[in-house]
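# Structural overview for review
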Amino acid sequence: MNPHLLISPEVQAARRQGTAVVALESTIVAHGMPWPQNLETALQVEHTVRQHGAVPATIAVLDGRLCVGLDRAQLERVATSPDMAKASRRDLAYAVARRGHAATTVAATMIVAHLADIDVFVTGGIGGVHRGAAESFDISADLQELARTPVAVVCAGAKSILDISLTLEYLETHGVPVISVGQDAFAAFYCRDSGFKADFRLDDPAEQAAFIRAHWDLGLGSGVVVSNPVPEADALPADLVNGWIAQALAEARQQNIAGKGTTPFLLARIKTLSQGRSLATNKALVVHNAVAGARLAVALQATRNG
Ligand code: PSU
Ligand code: MN
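These lines cover the structure that appears in this document, whether it is placed above or below. A quick note: this is a predicted structure, and the numbers were derived from the prediction, not measured. (Residues numbered from 1 in each chain as written. Chains lettered and ligands numbered in written order. Predicted model: local features only at pLDDT ≥ 70, side-chain atom pairs only at ≥ 80, totals over all residues. Heavy atoms only, no water.)

This paragraph deals with the environment of Leu6. Here Leu6 is to be found in strand 1 (residues 5–7). C-alpha separation for the pair Leu6 and Ala284, spaced 278 residues apart in sequence, amounts to 30 Å. Contact partners of Leu6, with chain neighbours within four places excluded, come to Arg65, Leu66, Cys67 and Val68. (Helix = DSSP H or I, 4+ residues; strand = E, 2+ residues; numbered from the N terminus. Contact = heavy atoms within 4.5 Å.)

Written out as structure tokens, the structure reads:
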């Protein structure tokens, strides 16, 4: 085992007993949602994973250790500490070497999950190719990570703050399959339909697990995106969402927001512009993804236990 990992007793026990484990990210807690909804959501997501037969492993860097599975106090620390960095692939070693604290993005969470031999990771939405990327070069490291790290990422698609068409092109180029659950379309986070089709529709967790196992057994090496649309009742109307996004993007441009600050800035602005509706939807979709992710993890674990 990698010496920088610190695996919680609950996750260690699950591993020993062949119980399914679901990785969860911490950037959404530290930088994606405001206090106290961030902690509430994190706790509810963990609870939902347990209710569906798997063990949650929230991942963060604390005191330089790559923590897999956080207790309540550690989760509160991630949710409240003002000094939580946002760590993607390039930032992990800095946090470890300086014995610092960092929330992990989708990319960094995939890396740590893979080091800890966890197959399934649940998040809200993946990062992607930002609009205007031809000028800004802003392409989330999440996509590179999906290209190289064999973890299944259950998400509600990608937010339309991004260029979804280019995001899907990028994934195709890098051989990352996009599976959709319950519909043909790739999901668009706050909305169910991005206007683009996913590669494969697989509704049943056992079918998803068979596909993912085959992908890895073939040595294809990459991650897999599992797009799970937000429930109908929690979805937001696309025209409203597009209006908030257009305004948030214009403000980001005026204020010269760049780099890792972009996504948190846009999320916070959309929350304010929507008078909190985007946050309620965000919460609902992550919890919904926890159900799909736990079921998938149980099905994949069955293919391991033979
Ligand atoms: N999607 C959300 N909330 C978030 C994020 C994505 O709904 O907080 C976070 C994830 O951690 C993702 C990161 O990995 O934003 C992407 O950041 P960037 O665009 O800087 O790569
Ligand atoms: Mn970026």
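On to the packing of helix 8 (residues 141–148) against helix 9 (residues 164–173). Here helix 8 crosses helix 9 at 25 degrees, and the two axes come no closer than 9 Å. It follows that helix 8 is roughly parallel to helix 9 by the angle criterion. Between helix 8 and helix 9 the crossing geometry is right-handed. Residue-level contacts link Leu143, Gln144 and Leu146 of helix 8 to Thr167, Tyr170 and Leu171 of helix 9. Residue composition of the contact of helix 8 with helix 9, by class: four nonpolar, two polar and no charged. (Axes fitted to C-alpha atoms, helices over the stretch in contact; angles between N-to-C directions. Parallel < 35°, antiparallel > 145°, perpendicular 65-115°, else oblique. Left-handed = near helix turned anticlockwise from the far one by under 90°. Nonpolar A, V, L, I, M, F, W, Y, C, P; charged D, E, K, R; others polar.)

Evaluated as defined, the whole model comprises 14 salt bridges. One salt bridge in this structure joins Lys260 and Asp91, with 3.7 Å as the shortest N-O distance. Placement of the pair is Lys260 in the loop between helix 11 (238–254) and helix 12 (262–273) and Asp91 in the loop between strand 5 (85–87) and helix 5 (92–97), with a sequence separation of 169 residues. With relative accessibility at 35%, the residue Lys260 sits in the partly exposed group. By relative accessible area, Asp91 is classed as buried at 15%. The network of salt bridges with common partners includes Asp117, Asp119, Arg213 and Arg304. (Salt bridge = Lys/Arg side-chain N within 4 Å of Asp/Glu carboxyl O. Buried < 20%, exposed > 50% of the residue type's maximum accessible area, 1.4 Å probe, protein only.)

Okay, the nonpolar core next. One broad rule of soluble globular proteins: the nonpolar side chains tend to lie buried together. Core analysis: the biggest nonpolar cluster contains 105 residues, and Val68, Ile126, Leu146, Ile212, Val225 and Leu296 have the highest contact counts within it. Considering every element that reaches this core, the biggest residue donor is helix 13 (residues 277–305), with eleven residues. Sequence-distant contacts of Leu146, defined by excluding residues within four places in its chain, comprise Met110, Ile126, Val153, Leu171, Val176, Ser222, Gly223, Val224 and Val225. (Core = buried A, V, L, I, M, F, W, Y, C linked by side-chain atoms within 4.5 Å.)

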